[in-house]
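Chain and residue survey
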Amino acid sequence: MVEYRIDRRSGVATYVQIVQQTKRALRLGVLEPGDRLPTAREVVEATAINPNTVLKAYRELEREGLVEARRGLGTFVRRSLGSAPADHTALRSKLTAWLDETRKEGLEREDISALFTSVLDEKCPEGER
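Calculation criteria
- Residues numbered from 1 in each chain as written.
- Predicted model: local features only at pLDDT ≥ 70, side-chain atom pairs only at ≥ 80, totals over all residues.
- Heavy atoms only, no water.
- UniProt positions renumbered as here; feature names shortened; annotations may be inferred.
- Helix = DSSP H or I, 4+ residues; strand = E, 2+ residues; numbered from the N terminus.
- Axes fitted to C-alpha atoms, helices over the stretch in contact; angles between N-to-C directions.
- Parallel < 35°, antiparallel > 145°, perpendicular 65-115°, else oblique.
- Left-handed = near helix turned anticlockwise from the far one by under 90°.
- Contact = heavy atoms within 4.5 Å.
- Patch = residues over 30% accessible without salt bridge, like charges linked within 9 Å, V, L, I, M, F, W, Y side chains within 5 Å.
- Areas by Shrake-Rupley, 256 points an atom, 1.4 Å probe, with all protein chains shown as cover.
- Salt bridge = Lys/Arg side-chain N within 4 Å of Asp/Glu carboxyl O.
- Buried < 20%, exposed > 50% of the residue type's maximum accessible area, 1.4 Å probe, protein only.
- Arc of directions from axis to C-beta.

As recorded in an unreviewed UniProt entry, the chain goes by GntR family transcriptional regulator and comes from Streptomyces ortus.

Below, the structure written as structure tokens:
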């Protein structure tokens, strides 16, 4: 099950953060078709956000065909994202080592994000599969 973490200082709308985190979980295989998302009440209790915000995020995911609401049962994953195998252990280990190195070099989170994003944009341009 996915646990949402809301960063109120990010400047990203809360419902967008929920959508992004759900998509990340789908891409990484944390959520798979048939899995139930946390109820709006569960998300509200864990994050102290407005229930309408959760419902807005879930409607967006439903509009994109990723989840479906089943009356009285909850919201369930319809399809996953990504084509890579779910086991990313080796890659995660390498990425963790790289992040440790960036921290040793004195980079802060925003610096690391900017560096990673610039390389990602260079190596994997938008629209490229």
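**Quick look at the UniProt feature "domain: HTH gntR-type" (unreviewed entry) in the chain**
UniProt records the feature "domain: HTH gntR-type" (unreviewed entry) for residues 12-80 in the present numbering. When the span residues 12-80 is considered, its composition is 52% helix and 12% strand, and the gap between its end C-alpha atoms is 23 Å.

**Overview of the packing of helix H2 (residues 40-47) against helix H3 (residues 51-63)**
How two helices pack is summed up by the angle between their axes together with the distance between the axes. Contact geometry for H2 and H3: axes closest at 9 Å, N-to-C directions at 125°. Comparing their axes, H3 and H2 come out oblique. Like other packed secondary-structure pairs, H2 and H3 cross with a definite hand, here right-handed. Here H2 contributes Ala40, Val43 and Val44 to the contact with H3, which in turn contributes Pro51, Val54, Leu55 and Tyr58.

**Side note on a nonpolar patch on the surface**
Nonpolar side chains collect at one region of the surface, where Leu95, Trp98, Leu99, Leu115, Phe116, Val119 and Leu120 lie side by side and expose about 550 Å² of accessible area between them. Elements with a contribution of two residues or more to the nonpolar patch: helix H4 (89-104) and helix H5 (109-123). Mapped onto the fold, Leu115 is located in helix H5. For Leu115, a relative accessible area of 36% translates into the label partly exposed.

**A short note on H2**
Along H2, the positions that sit buried rather than exposed are Ala40, Val43 and Thr47. An end-on view of H2 places all buried positions within 65° of arc, on one side of the element. Opposite its buried face, H2 presents the exposed residues Arg41, Glu45 and Ala46, each directed more than 90 degrees away. Tucked inside the fold, the buried residues of H2 contact helix H1 (14-28) and H3. Ala48 sits one or two residues past H2 and shows a positive phi near 60°.

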